[in-house]
Amino acid sequence: MSTKKVIYDTLRKELPHIPLAYRYSNLNELPRMSFAAISNVTLKLSNKRHMQRVWYQIDYFSRVPLDLETNSDLNKIIEVLENENLTLTTWQEEEDINVETDSALFTYWIEVR
């Protein structure tokens, strides 16, 4: 089974309360998740494909800032994907403040391979 399918199936099963999409979608509900391939590296030996490694990025969107150490959804994502023997980085955070509407969108992302 591909890494892409493992990520999708695992997140759908273990976090069914959070909408999930591959790449971009018209999902407006928050919180929500999306994921996409961000790197596709092939190792060649003797000019033949030996191994392919695809990295994915999972994005988690929220209207409120989350605690990276204690948020149950972020911790659950790490837990369930590590249980599938995937390697993860650590969560990163970015905020997008809209001064015209006085609102914010917080994006959390983690890389998976």
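This one's a predicted model, so the numbers in the text were calculated from it and none came from an experiment.

(A) Representation of the overall build of the chain within the structure. In terms of regular secondary structure, the chain is built from two helices and five strands. In sequence order, the chain lays out its α and β elements as α-β-β-β-α-β-β. Classification of the 113 residues of the chain by burial places 33% in the buried group. The long-range share in the chain, meaning contacts at least 24 apart out of those at least 6 apart in sequence, stands at 48%. Entry remark: accessible area of the chain is about 7,500 Å², with carbon and sulfur atoms responsible for 45%. The chain carries 13 positive and 17 negative side-chain charges, and their two centres are separated by 16 Å.

(B) Representation of a negative patch on the surface in the model. Taken together, the side chains of Glu93, Glu94, Glu95 and Asp96 define an acidic patch exposed on the protein surface. Position of Glu94 relative to the elements: it lies in strand S4 (residues 92-98).

(C) Seen up close, the pattern of salt bridges. Scanning the entire structure with this criterion turns up two salt bridges. Asp9 is the salt-bridge partner of Lys5, the closest N and O atoms lying 2.8 Å from each other. With Lys5 and Asp9 both in helix H1 (residues 3-14), this residue pair falls four residues apart, about one helical turn. Judged by its relative accessible area of 42%, Lys5 falls in the partly exposed class. Here Lys76 ties to Glu14 by a salt bridge, and the two come within 3.8 Å at their closest N and O atoms. Of this pair, Lys76 sits in helix H2 (residues 72-82) while Glu14 sits in helix H1; the two residues are 62 residues apart in sequence, bridging distant segments of the chain.

Thresholds, definitions, all that
- Residues numbered from 1 in each chain as written.
- Predicted model: local features only at pLDDT ≥ 70, side-chain atom pairs only at ≥ 80, totals over all residues.
- Heavy atoms only, no water.
- Helix = DSSP H or I, 4+ residues; strand = E, 2+ residues; numbered from the N terminus.
- Buried < 20%, exposed > 50% of the residue type's maximum accessible area, 1.4 Å probe, protein only.
- Contact = heavy atoms within 4.5 Å.
- Areas by Shrake-Rupley, 256 points an atom, 1.4 Å probe, with all protein chains shown as cover.
- Lys, Arg positive; Asp, Glu negative; His and termini not counted.
- Charge placed at Lys NZ, Arg CZ, Asp CG, Glu CD.
- Patch = residues over 30% accessible without salt bridge, like charges linked within 9 Å, V, L, I, M, F, W, Y side chains within 5 Å.
- Salt bridge = Lys/Arg side-chain N within 4 Å of Asp/Glu carboxyl O.

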